[in-house]
Amino acid sequence: MGQKLKIAGWVSVGVFAGALTTVSLQTVARGTLAPLPLEELQQLAAVFGMVKSNYVEPVDEKKLITDAIAGMVAGLDPHSVYLDKKSLKDFNEGTTGKFVGVGIEISQEDGLIKVVSPIEDSPAFRAGLKPNDLIVKIDDTPVKGMTLNEGVKRMRGEPGTKVLLSIFRKEENRTFPVTIVREEIKTQSVKSKVIEPGYGWIRLSQFQERTVADFSRKMEEMYKQDPKLKGLVLDLRNDPGGYLDAAVAISAAFLPENVTVVSANGQLPESKFTYKAAPRYYQRRGGPDPLKHLEEVTHGALKSVPLVVLVNEGSASASEIVAGALQDHKRAKVLGNQTFGKGSVQTAVCLDSAFRMDNCPTAALKLTTSRYYTPSGKSIQAKGIVPDVMVDETEEGNLFAALRTREADLEKHLASGQGAEVKDAAREKAREEARIRLEEEMKKPASERKLPEFGTAKDFPLMQAINQLKGQPVMVSKTLVERPEEKKEN
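Bear in mind that the values here come from a model prediction, so they are computed numbers and not experimental data.

Quick notes on the rules
- Residues numbered from 1 in each chain as written.
- Predicted model: local features only at pLDDT ≥ 70, side-chain atom pairs only at ≥ 80, totals over all residues.
- Heavy atoms only, no water.
- Disulfide = S-S within 2.5 Å.
- Helix = DSSP H or I, 4+ residues; strand = E, 2+ residues; numbered from the N terminus.
- Buried < 20%, exposed > 50% of the residue type's maximum accessible area, 1.4 Å probe, protein only.
- Contact = heavy atoms within 4.5 Å.
- Expected span 1.5 Å × (residues − 1).
- Polar contact = N/O pair within 3.5 Å; in protein donor to acceptor, adjacent residues only side chain to side chain.
- Salt bridge = Lys/Arg side-chain N within 4 Å of Asp/Glu carboxyl O.
- Pairing = 2+ DSSP bridges.
- Axes fitted to C-alpha atoms, helices over the stretch in contact; angles between N-to-C directions.
- Parallel < 35°, antiparallel > 145°, perpendicular 65-115°, else oblique.
- Left-handed = near helix turned anticlockwise from the far one by under 90°.
- Nonpolar A, V, L, I, M, F, W, Y, C, P; charged D, E, K, R; others polar.
- Patch = residues over 30% accessible without salt bridge, like charges linked within 9 Å, V, L, I, M, F, W, Y side chains within 5 Å.
- Areas by Shrake-Rupley, 256 points an atom, 1.4 Å probe, with all protein chains shown as cover.
- Core = buried A, V, L, I, M, F, W, Y, C linked by side-chain atoms within 4.5 Å.

1. Brief notes about the state of the cysteines
Here comes step 1: Under the definition given, this model contains one disulfide.
Here comes step 2: The partner cysteine of C350 in its disulfide is C360, sulfur to sulfur 2.1 Å. Residues C350 and C360 are joined by a disulfide whose S-S torsion is about 75 degrees; by sign, that bridge is right-handed. Here the residue C350 occupies a position in strand β19 (residues 344–350), and C360 occupies one in the loop between β19 and β20 (364–373), the gap between them amounting to 10 residues.
Here comes step 3: Here C350 falls in the buried class, since its relative accessible area comes to 2%.

Following this line, the structure appears as structure tokens:
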């Protein structure tokens, strides 16, 4: 038990699937640990034997063992998880931003699947699918009543296989079939546009493997379109997180070199680290640094352009790292709602130590190993980033934010580690009011709904961010206050 087992792992800062960056994790059997609890292990073996011999139907031994492992890990916190072969495939797709499918962003409308946007140069894009098209059938299965997840599963598959979609196009009042050949899709995690002369908007929907390169390319395009930008909005709303390296790189694009971006603290030496705004902290896999080329093209403008960061209760983990770093270094004003509060680090390791996570053939463990901290030493866990300026999500108020799940709402969530947590008694009342409001809102025609439309003239928080950059009055929320931490039940 005195030996060391060194396993190549990935550090994850995403909300659920999260996303990762390669580090080394050492599992050390230290002399200070208590001996194995033999009595409890004997009980486990006894229960296994009783279930195997006495259950009403035969039970697969491997399933019993994997279920026991999964239950043990799930009892720790919401982000520690045992990944079987299928879960591992979904996990790796989430970290790379690649999957096999038709290439559309979707939502639901009237019980059908609605095309929000075909991904550029995807099979769906080349087949002529348009925003607002409704999918009424996938192969021979009607979509009515199908969940989005079920629809996604049916449209994904093996590369080169076909799927038949029946499409209803409202403006043409017709239904027609489209056969699409599935292929590997690379999702777009970055969008940008010049909102008005001198003021740009760049949105990160997730921190994926390609996010830094896409961010650099979009910023270069924006500066070529308007080389005299007077202000920039970095939109991290509903960004659930992703690669830690990507979060450090995006922060470094705006910060002075070598200032602290984030630190972490856990039990093992390898779970204690500090990342700074320098290439050696985000370019550890080698290859060209896209930020270097961006700095050359923009002549270093990103280090000084006035900056506003937009966040909401859906901004989590890696996006909280970026918002916290830019706020602590006073590089940007943070506007919006208090963020999700996912301030823990997960390390994923393949349980077959001969393989890396991206090539793991069997099963893996994703385990919470650290809490992370902003440059000033604040823990975000179960609390989140508090904006400098609280702004509602619509002009009529903060209509639906209470419906979003936060870290502190999750069962068995990890406490912040910085002081006691108190119960927010008004939370459930606000959630019920928001539920009723949303039900009424969804009964209205799409053109009359007050749901936020990111990046448009109807995007109320974005318009307030532009006002902030211009030095004009901002409509500050009259109801939003700093959210108390919720009591951790033992």
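2. Focus on helix α10 (residues 318–328)
Here comes step 1: With 11 of its 11 residues buried, α10 lies for the most part within the structure.
Here comes step 2: Along α10, the residues classified as buried are A318, S319, E320, I321, V322, A323, G324, A325, L326, Q327 and D328.
Here comes step 3: As for α10, its buried residues are in contact with β14 (231–235), α7 (244–254), β15 (260–266), β17 (307–311), β18 (333–336) and β20.
Here comes step 4: Just downstream of α10, K330 is the residue with a positive phi angle, here 55 degrees.

3. Section: helix α2 (residues 61–74)
Here comes step 1: In a regular helix each residue adds 1.5 Å, so 14 residues correspond to 20 Å; α2 covers 20 Å between its end C-alpha atoms and thus fits that length.
Here comes step 2: With a side-chain oxygen positioned 3.1 Å from the backbone nitrogen of K62, the residue opening α2 is D60.

4. Some details on the pattern of salt bridges
Here comes step 1: The tally for this structure, following the rule as stated, stands at 13 salt bridges.
Here comes step 2: Residue R203 is joined to D235 by a salt bridge in which the shortest nitrogen-to-oxygen separation is 3.5 Å. Of this pair, R203 sits in strand β13 (residues 199–204) while D235 sits in strand β14; the two residues are 32 residues apart in sequence, bridging distant segments of the chain.
Here comes step 3: For D214, the salt bridge identified is with R217, shortest N-O distance 3.3 Å. Taken together, the residues D214 and R217, both in helix α6 (residues 211–225) and three residues apart, mark about one turn of the helix.

5. What about the pairing of strand β7 (residues 134–138)?
A regular strand carries its side chains on alternate faces of the sheet.
Here comes step 1: Across two bridges, the pairing between strand β6 (residues 112–118) and β7 is antiparallel. Counterpart to K114 in the pairing with β7 is L134.
Here comes step 2: For β7 and strand β9 (residues 162–169), the ladder comprises four bridges, and the chain directions are antiparallel. Counterpart to L134 in the pairing with β9 is F168.
Here comes step 3: In this sheet, strand β8 (residues 141–142) lies alongside β7 in antiparallel orientation, the contact comprising two bridges. Bridge assignment links I138 to a residue of β8, and that residue is T141.
Here comes step 4: Linking β7 to β8, which pair antiparallel, is a turn of two residues; within it D139 sits at a positive phi near 55 degrees.

6. A few points about the side chain of Q381
Here comes step 1: You can see Q381 is positioned in the loop between β20 and β21 (389–390).
Here comes step 2: Of the residues examined, Q381 reaches a relative accessible area of 0% and is grouped as buried.
Here comes step 3: At a separation of 2.7 Å, a polar atom in the side chain of Q381 contacts the main-chain amide nitrogen of G343.
Here comes step 4: Looking at Q381, its side chain comes within polar contact range of the main-chain nitrogen of S344, at 3.4 Å.

7. Some points on the sheet that holds β21
Here comes step 1: Pairing is mixed in the open sheet, where six strands are placed in the order β12-β13-β14-β17-β18-β21. Two strands bound the open sheet, and with one partner strand each, they are β12 (190–196) and β21.
Here comes step 2: Sheet strands in contact with α6 are β12, β13 and β14, and its direction is about 20 degrees off that of β12.
Here comes step 3: With respect to the sheet, helix α12 (residues 460–470) is in contact with β12, β13, β14, β17, β18 and β21, its orientation differing from that of β17 by roughly 160 degrees.

8. Concerning the packing of α7 against α10
Here comes step 1: Close contact between α7 and α10 brings their axes to 9 Å; oriented N to C, the two are set at 25 degrees. In this view, α7 runs roughly parallel relative to α10, as classed from their interaxial angle. When you trace α7 past α10, the crossing you get is right-handed. Mapping the contact onto sequence places L244, A247, I250, S251 and F254 in α7 and A318, I321, V322, A325 and L326 in α10.
Here comes step 2: Each residue belonging to the contact of α7 with α10 can be placed in one class, and the counts come to nine nonpolar, one polar and no charged.

9. A closer look at a nonpolar patch on the surface
Here comes step 1: On the surface, L36, L38, L41 and L44 cluster together into a nonpolar patch covering about 410 Å² of accessible area.
Here comes step 2: Inspection of the secondary structure puts L36 in the loop between β2 (20–28) and α1 (38–54).

10. Quick word on the nonpolar core
Here is a general trend for soluble globular proteins: nonpolar side chains tend to be buried in one another's company.
Here comes step 1: By size, the foremost hydrophobic cluster in this structure holds 54 residues, and its most contacted members are F215, L234 and F254.
Here comes step 2: Sorting elements by how many residues they give to this core places α7 first, with nine residues.
Here comes step 3: Among residues more than four places away in sequence, those in contact with F215 are V190, I202, L204, I250, A253, F254, L291, L294 and L302.
Here comes step 4: Counting 17 residues, the second largest nonpolar core, distinct from the first, contains V102, I113, V143 and V178.

11. Considerations on the environment of F176
Here comes step 1: Structurally, the position occupied by F176 is in strand β10 (residues 174–181).
Here comes step 2: A sequence separation of 10 residues divides F176 from S166, and the C-alpha atoms of the two residues are 5.7 Å apart.
Here comes step 3: Ignoring anything within four residues of it in the chain, the contact list for F176 reads L165, S166, I167 and R169.

None of the figures reported here should be taken as evidence of function without further support.
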